[in-house]
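Residue-level structure breakdown
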Amino acid sequence: MENSAAGNQGGKMRIKKFLAFIMFALVVMPCGAESLFFEDEPIQDGLNVFDVSATFADIYEKLDSVKWGGKNINVAIESLEKLNPDAHIAATDERVVLVWKDSIIANYPRPQPNDWNGFGEITTALVLKLRANDPGLHSASESEMYQLVVDSLMRGIDENGRYIYSRLAEVTEDGRILTSVGLEGMRDARGNWRITGVYKDSPADISGLREGDLIVAINGVNVADMSDADLSGAMSGFNSGTSKIKVLSPSGARDVVLRRATIILADADVVHRADPETGGILEIVVHKVSDNAAAIVNEALATYPDVSGIVLDLRAATGDDERAAAKFAGLFIGARPVMRVVETAKDEVEIIPGGAAVTDADVVVLMSNMTRGTAEALVAAFYEYGRGVLVGTPTAGAARIATRINLENGGALELLNKSIKTGTGRKIDGRGVFPIVCLSNIRSTNQQNAFFLNVINDDFNAKDFNKADDVDVDAVRRGCPVITSGADEDALSAAVAAKILTDARLYNKLLSE
């Protein structure tokens, strides 16, 4: 016990001496030169320090002008220590000291407030010191370095934002664009490659390849003799590339030339489940709430105007464009407030669609903890205006809208600095939207059957926690937890949505909850 106490006492003494040394560095050490870099030495560690400093200065100045949803927040240079757990930054009004583990590796004069060029230079100097000690940071490209620095600054103020690579810089640095021929498949017993899926409008689709076709050779090499890595490289990779393949199909053997291309994914997918008697059900899966998604859904509603019900799947939807969200919501709710965007403590902007609704079909809205941003406002709008039954698990409670700020180097800052309220003024950010029907409380097939029986017997335990402002959010989430299996969630969502949409009495009962 005496040795332990002595050891603890010794450790405390070392900490005190170390802190004293830092304070000595902060107070006593002389100030540096006016500039931290020499004009005749612009390149250090592969970086042009003056260009990098100018970009960091631009980042600090732009961040200083941002409003953070009504909160007064200042970005601090000390947040750079979050680039590595071994880094620590101590600062006063006069000095900035960088400590790596237990050694001081940098000591610079602190710039004056609003001296953005000074903050740009000192950030570059600190990053160079960190790169010398952190292999991961040292290997990062210039664009990746900006991303890492902005990420650390955001974490320092507990906010969300990112640096978006300059497209020109990205291509110049990496020279890479991810491409694909647009095929999915798997090897058969002989080692050949059987096509199991073809991306719509991809090079493979345009060439007439179809599910079930067999690829036996690529660029003159038998597929059976190719490694999995070589096969994968022929199907997708960076930049464009040409693959000459031999295909066996029911119509015979043929040679096809495929040139890899970028694959564009739609922001929404639509499937019509036809039923001659009722008009069928329209399933809409939204990936991103955007102008593109709104246009896709608008076209689908015009194509199938007589559907009896709509399943709007927002379980993995996100979005940060309030105008696009208004267009999307307007298709269902018309010209009513969809959300309020909070820019400052006093300023709220009401977002209202411009036209009338184009459908009055019954809607089941599927939601989960991955429903984020403006997608959460959509869920809330369906709830507040009685246009849909909410089914699933609570949304993320990450209802933010991004501000994009262009930088002088061609890159940009994307900052999630605007919070969202519902159209009637209810808080979503940090709270989320809660389902009326909680899917995670319906698990096995037997329980599903019992659930449906209870519904028919008017004993359905639907609960609405959205109206109570003082509800314990964590308790609601514990009572309606995330479903672990995606396959289970898909099956439950389909079964419950179909039941609700095919039983008018049940739909109206749940809507009235």
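Cut-off values and rules
Residues numbered from 1 in each chain as written. Predicted model: local features only at pLDDT ≥ 70, side-chain atom pairs only at ≥ 80, totals over all residues. Heavy atoms only, no water. Disulfide = S-S within 2.5 Å. Helix = DSSP H or I, 4+ residues; strand = E, 2+ residues; numbered from the N terminus. pLDDT = per-residue confidence, 0-100. Contact = heavy atoms within 4.5 Å. Core = buried A, V, L, I, M, F, W, Y, C linked by side-chain atoms within 4.5 Å. Buried < 20%, exposed > 50% of the residue type's maximum accessible area, 1.4 Å probe, protein only. Salt bridge = Lys/Arg side-chain N within 4 Å of Asp/Glu carboxyl O. Pairing = 2+ DSSP bridges. Axes fitted to C-alpha atoms, helices over the stretch in contact; angles between N-to-C directions. Phe/Tyr/Trp six-rings, centres within 6.5 Å; stacked < 30°, edge-to-face > 60°.

A look at the state of the cysteines
As enumerated under the stated definition, the model contains one disulfide in all. At a sulfur-sulfur separation of 2.1 Å, the disulfide partner of C438 is C480. The chirality of the disulfide connecting C438 with C480 is right-handed, given an S-S dihedral of about 110°. With a gap of 42 residues between them, C438 in strand β24 (residues 437-438) and C480 in the loop between α13 (473-479) and α14 (486-501) connect regions that are remote in the sequence.

As for the confidence of the model for the chain
The predicted coordinates of low-pLDDT regions are not to be read in fine detail. Mean pLDDT over the chain: 83, with 84% of residues reaching 70 or higher. In this model, residues 1-19 is a region of pLDDT below 50 whose contacts with residues beyond four sequence positions or in other chains number three contacts. Every residue in residues 447-460 scores below 50 in pLDDT, and together they form 24 contacts with partners more than four places removed in sequence or on other chains.

So, the nonpolar core
Counting 64 residues, the largest nonpolar core has V286, I310, F328, F332, M339, V391 and I500 as the members making the most contacts within it. A total of eight residues in this core trace back to one element, the largest contributor, which is helix α11 (residues 374-384). Ignoring sequence-local partners within four residues, the contact set of M339 consists of E322, A325, V349, E350, I351, T374, A377, I401, I420, K421, T422 and G423. Among the nonpolar cores identified, the runner-up in size contains 41 residues, and L83, L98, Y108 and L128 belong to it.

Regarding the pattern of salt bridges
What the rule picks out here adds up to 17 salt bridges. With its nearest N and O atoms 2.7 Å apart, the salt bridge here joins K421 to E348. Residue K421 is located in strand β23 (residues 412-422), and its partner E348 is located in strand β19 (residues 348-351); the two are separated by 73 residues in the primary sequence. Put simply, D313, R315, E489 and D490 are held in one network by salt bridges that share partners.

Notes on the sheet that holds strand β5 (residues 103-109)
As a general point, the strands of a sheet are linked pairwise by backbone hydrogen bonds and lie either parallel or antiparallel. The strand order across the open sheet built from three strands is β3-β4-β5, with neighbouring strands paired in antiparallel fashion. Each edge of the open sheet is held by one strand with a lone partner, namely β3 (87-91) and β5. For this sheet, the mean inter-axis angle between neighbouring strands, taken without regard to orientation, is 20°. Where strand β4 (residues 95-100) and β5 come together, six bridges link them in antiparallel fashion. The partner of R95 across the bridge, within β5, is P109. Packing of helix α3 (residues 116-133) onto the sheet brings it into contact with β3, β4 and β5, and relative to β5 it is tilted by some 165°.

As for the pairing of β3
With five bridges connecting them, β3 and β4 associate as antiparallel partners. For A87, the partnering residue across the bridge sits in β4 and is W100. The turn joining β3 and β4, which pair antiparallel and follow one another in sequence, is formed by three residues.

Brief notes about the sheet that holds strand β17 (residues 309-313)
Spatial strand order, β15-β16-β17-β20-β21-β24: six strands in an open sheet with mixed pairing. Of all strands in the sheet, those bounded by a partner on one side alone are β15 (268-273) and β24. The pairing of β15 with strand β16 (residues 281-286) spans six bridges and is classified as antiparallel. From the neighbouring strand, V271 faces β16, where its bridge partner is E283. Its contacts with the sheet place helix α9 (residues 291-303) against β15, β16 and β17, and it is angled at close to 15° to β15. Its contacts with the sheet put helix α15 (residues 504-511) on β20 (362-367), β21 (389-392) and β24, and the angle it makes with β21 is roughly 90°.

Some points on the packing of aromatic side chains
Working definition: an aromatic ring pair is given by the centre-to-centre distance plus the angle between the planes. Going through the model one piece at a time under the given rule, you end up with seven aromatic pairs. Ring plane angle 55° and centroid distance 5.3 Å describe the contact between Y146 and Y163, whose orientation is recorded as tilted. Here the residue Y146 occupies a position in helix α5 (residues 142-156), and Y163 occupies one in strand β6 (residues 161-164), the gap between them amounting to 17 residues. No difference in accessibility class separates Y146 from Y163, as the two residues are buried. Pairwise contacts between aromatic rings join F56, Y146 and Y163 into one cluster.

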